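# Structure assessment
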Amino acid sequence: MGNLLIITVVAFDHHLHTPIYFFLMNLSMLDVGSISVTIPKSVANSLMSTRSISYSGCIAQVFFCMFFAVTEFYILTIMASDRYIAICQPLHYERVMSGKPCVQMAAGAWMIVLVCTGLHTVNMFAISFCGGNMVDQKLSYFHHFLLDFGNLHELKILLFLLFLLIYIVTVAGNILIVALVVSDQHLHTPMYFFLGNLSCLETCYTSTILPRMLASLLTGDRSISVHGCLVQFDIFGSLLAAECCLLSVMSYDRYLAICKPLHYAARMNSRFSFQLAAGSWLSGSVVSSITACCPSQLIFCGPNEIDRFLCDYTPLIKLSCSDTSLMVLVISPICFIFILPPFLLTLASYVAIISTVLRISSSAGRQKAFSTCSSHLIVVTIFYGTLFLVYMLPDTAALRDLNKVFSVFYTILTPVVNPLIYSLRNKEVKEALRKALSKTMAFITNHKLSSQHLL
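To keep things clear, this report deals only with the structure shown in the data block. (Residues numbered from 1 in each chain as written. Predicted model: local features only at pLDDT ≥ 70, side-chain atom pairs only at ≥ 80, totals over all residues. Heavy atoms only, no water.)

### A word on the overall build of the chain
For clarity, the cut-off: Counting from the N terminus, the helices are DSSP H or I runs at least four residues long and the strands are E runs at least two residues long. Each residue is assigned to one of three classes by its accessible area relative to the maximum for its type, calculated with a 1.4 Å probe on protein chains only: buried under 20%, partly exposed between the two thresholds, exposed over 50%. Should any heavy atoms of two residues lie within 4.5 Å, those residues are considered in contact. Only the protein chains shown count as cover for residues, and all accessible areas are computed by the Shrake-Rupley method using a 1.4 Å probe.
Assigned secondary structure in the chain consists of 18 helices and 3 strands. For the chain, buried positions account for 42% of its 455 residues. Relative to all contacts within the chain whose residues are 6 or more apart in sequence, the contacts with residues 24 or more apart total 79%. When the accessible surface of the chain is totalled, it reaches about 23900 Å², and 71% of it is carbon and sulfur.

### Points about helix α7 (residues 156-183)
So the rule is basically this: Every helix has an expected span of 1.5 Å times one less than the residues it contains.
Compared with an ideal rise of 1.5 Å per residue, which puts 28 residues at 40 Å, α7 spans 40 Å between its outermost C-alpha atoms and is within 8% of the ideal. Along α7, the residues that are buried comprise Leu 159, Phe 160, Phe 163, Ile 166, Thr 170, Val 171, Gly 173, Asn 174, Ile 177, Leu 180 and Val 181.

### Structural notes on the pattern of salt bridges
Any two side chains of opposite charge can pair, given that their charged atoms come close. Here is the rule we go by: Take a side-chain nitrogen of Lys or Arg and a carboxyl oxygen of Asp or Glu: if they are within 4 Å of each other, that pair is a salt bridge.
Within the structure shown, the criterion is met by 3 salt bridges. Measuring nitrogen to oxygen at the nearest pair gives 2.8 Å for the salt bridge that ties Arg 254 to Asp 253. By relative accessible area, Asp 253 is classed as buried at 1%.

### With respect to the packing of helix α9 (residues 226-259) against helix α16 (residues 374-392)
The axes of two packed helices give the description: the angle between them and the distance between them. Heads up, the condition is: Axis definition: a line fitted to C-alpha atoms, limited for helices to the stretch in contact. Angles are taken between N-to-C directions and run from 0 to 180 degrees. The cut-offs work like this: below 35 degrees is roughly parallel, past 145 is roughly antiparallel, 65 to 115 is roughly perpendicular, and the gaps in between are oblique. Note: crossing handedness is left-handed where the near helix turns anticlockwise from the far helix by less than a right angle, and right-handed where it turns clockwise. Here the nonpolar group is Ala, Val, Leu, Ile, Met, Phe, Trp, Tyr, Cys and Pro; Asp, Glu, Lys and Arg are the charged ones; every other residue, Gly included, is treated as polar.
Across the interface, α9 lies against α16 with an axial gap of 11 Å and an inter-helix angle of 140 degrees. Overall, the two elements α9 and α16 adopt an arrangement that is oblique. For the pair α9 and α16, the sense of crossing is left-handed. Of α16, the residues touching α9 (which contributes Phe 236, Leu 240, Glu 243, Cys 244, Leu 247, Met 250 and Ser 251) are His 376, Val 379, Val 380, Phe 383, Tyr 384, Leu 387 and Tyr 391. A class-by-class count of the residues in the contact of α9 with α16 yields 11 nonpolar, 2 polar and 1 charged.

### So, the state of the cysteines
As a reminder, the rule being used: The term disulfide is used for any two cysteine sulfur atoms that are within 2.5 Å.
Scanning the model with the defined rule gives 0 disulfides in all. Its sulfur unpaired, Cys 200 is 6.9 Å from the next cysteine sulfur, which belongs to Cys 204.

### Describing a nonpolar patch on the surface
The cut-off we apply is this: Only residues whose relative accessible area exceeds 30% and that form no salt bridge enter a patch; like-charged residues are grouped when within 9 Å of one another, and nonpolar side chains (Val, Leu, Ile, Met, Phe, Trp, Tyr) when within 5 Å.
Among the surface-exposed residues, Leu 165, Val 169 and Leu 420 lie close enough to one another that they form a single nonpolar patch of about 240 Å² accessible area. With respect to the helices and strands, Leu 420 occurs in helix α17 (residues 397-424).

### Points about the nonpolar core
The test is simple: To qualify as a nonpolar core, a set must consist of buried Ala, Val, Leu, Ile, Met, Phe, Trp, Tyr and Cys residues joined through side-chain atoms within 4.5 Å.
Grouped together as the largest cluster of nonpolar side chains are 51 residues, with contacts concentrated most on Phe 163, Phe 194, Leu 247, Phe 383, Leu 387 and Tyr 410. No other element matches the 12 residues that helix α8 (residues 190-219) contributes to this core. Once residues lying within four places of it in the same chain are set aside, the contact partners of Leu 387 are Leu 240, Cys 244, Ile 339 and Tyr 410.

### Quick look at α8
Heads up, the condition is: Each residue is assigned a bend, namely the angle between axes fitted to the seven residues that terminate at it and the seven residues that start at it.
In this model α8 runs 44 Å from its N-terminal to its C-terminal C-alpha over 30 residues, within 8% of the 44 Å that 1.5 Å per residue would give. Of all the bends in α8, the greatest, near 35 degrees, is centred on Ser 207, and the proline Pro 211 appears no more than four residues after it. In terms of burial, α8 is a largely internal element, 21 of the 30 residues being buried. Phi turns positive one or two residues past the end of α8, at Gly 220, with a value near 80 degrees.

### Some words on the side chain of Ser 273
Its location among the elements puts Ser 273 in helix α11 (residues 270-291). Each residue touching Ser 273, except ones within four places of it in the same chain, is listed here: Pro 190, Phe 193, Phe 194 and Met 268.

### Brief notes about the packing of aromatic side chains
Defined as follows: Stacked, tilted and edge-to-face are the three classes applied to pairs of Phe, Tyr and Trp rings, where Trp contributes its six-membered ring and a pair requires centres within 6.5 Å; stacked means planes under 30 degrees apart, edge-to-face means over 60, and tilted covers the rest.
By the definition in use, this model includes 6 aromatic pairs. Both rings, one in Tyr 252 and one in Tyr 255, keep their centres 6.2 Å apart while their planes meet at 25 degrees; by these two values the pair is stacked. In this pair, Tyr 252 and Tyr 255 both sit in helix α9, 3 residues apart, roughly one turn of the helix. Under the relative-accessibility criterion, Tyr 252 is labelled partly exposed at 24%. Here Phe 383 and Tyr 384 contribute two aromatic rings whose centre-to-centre distance is 5.3 Å and whose plane-to-plane angle is 75 degrees, an arrangement assigned as edge-to-face. By the burial criterion, Phe 383 is buried, and Tyr 384 matches it. Put simply, the rings of Phe 343, Phe 383 and Tyr 384 pair up and form one aromatic cluster.

### Some thoughts on the side chain of Thr 208
Rule in force here: Polar contacts, as used here, are pairs of N or O atoms within 3.5 Å; protein pairs need one atom able to donate a hydrogen and one able to accept it. Residues neighboring in sequence count only if both atoms are side-chain atoms.
By the element assignment, Thr 208 lies in helix α8. Reaching out from Thr 208, the side chain makes a polar contact with the backbone oxygen of Cys 204 at a distance of 2.8 Å. In this structure, Thr 208 is in contact with Gln 232, Ile 235, Phe 236 and Leu 239, ignoring residues within four places of it in sequence.

### Here's the deal with the packing of α8 against α9
Taken N-terminus to C-terminus, the directions of α8 and α9 make an angle of 160 degrees; their axes are 10 Å apart at the nearest point. Considered as vectors, α8 and α9 are oriented roughly antiparallel to each other. Considering the relative orientation of α8 and α9, their crossing is left-handed. In the contact of α8 with α9, the residues fall into 18 nonpolar, 3 polar and 5 charged.

### Side note on the environment of Phe 274
For Phe 274, the position within the fold is in helix α11. Here the alpha-carbon distance between Phe 274 and Pro 190, two residues 84 residues apart in the chain, equals 8.7 Å. When sequence neighbours within four positions are dropped, the list of residues in contact with Phe 274 reads Ser 81, Met 105 and Phe 193.

Read these as spatial facts, not as claims about activity.
Below, the structure written as structure tokens:
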């Protein structure tokens, strides 16, 4: 009743025809749908004293529950972005959050989740049920995998301290960059907006891998549940795809700034920047939705030791004793679509940038132009270089340990060097950090003085 009242009031009151109330109406519709999927069936079961549900009814309930829940997540994210623009960018709010973009964002959230949930539900029809515990047996004949850290057990305390330091530096550095980008008005540009998104992504990326690794090194327990392994694989894959897209967006931003400077402000406006960043994150969500079901169909009944320190595509394929052709058929094109085109766009952008920079007559002009993209070029080179080495090296016993080393580079070391590279090589970030430290010291000094005065 409450949600229907909100929908009615927002629809008929012209004073509430604003973006925030439009999104609130969408949220109320989702809440009505979500409750209607579960509560009526629960009430019916209670009245008729039955717990049965048909197979098609169960699949339909799963579809609608996932659809409403995930769409609500996107709508809440859009509402948070709406409040961010209203508070942090008030002069741009009416232009960015006009009627058409709001409808596009809300409709995009509904449509993207509808497609992804539909694909997920179609895959569920491939599951066969012939017993009370068939679902558990279908997932795996054992309950845990073992992560392989190599013959480094005698160094596990040293490795624990090293990776703990890396994790602290990674999270603190990337959160610091996000805080500087949000708080410093001079960093409210497309380049630093994308950098803030990259730092958020790197924080999530590292938190998917390192905490589990640290726990294994500290306790000596290398086991990970099948469900935990599949969740790690799913999140890791979605963040990897999102980072590839975001890096290509950042390279395109630098291409426009250097090769098309007169058109930069018009093309890379706030709305387009927001759409590019949102598209990068959504691409990761699409990858996650499509690939989530494939590993859950695998049967594992042989060796259970993953030859890697994280759950990844290649080790899971090797360990499965079931037919993996469907998983290869689905995931291989996904990797091709979401990794290769962003890489080619990044490569083409930097070929054009280098060509433009070399045509600048003065050495000072060349240095100034190249300095605006050198940090990003270093990050891209490290990320894609180690990524391609991991997945393109021949899978031989001699190169297996080298493969693990390269996988550490692109999963752990790249996120920790990003804030270091951007802070040490970027004048604007260093200046923003200096101002933030000055304000912090001034606040501490004033607080001490006021405390002494009160005493």
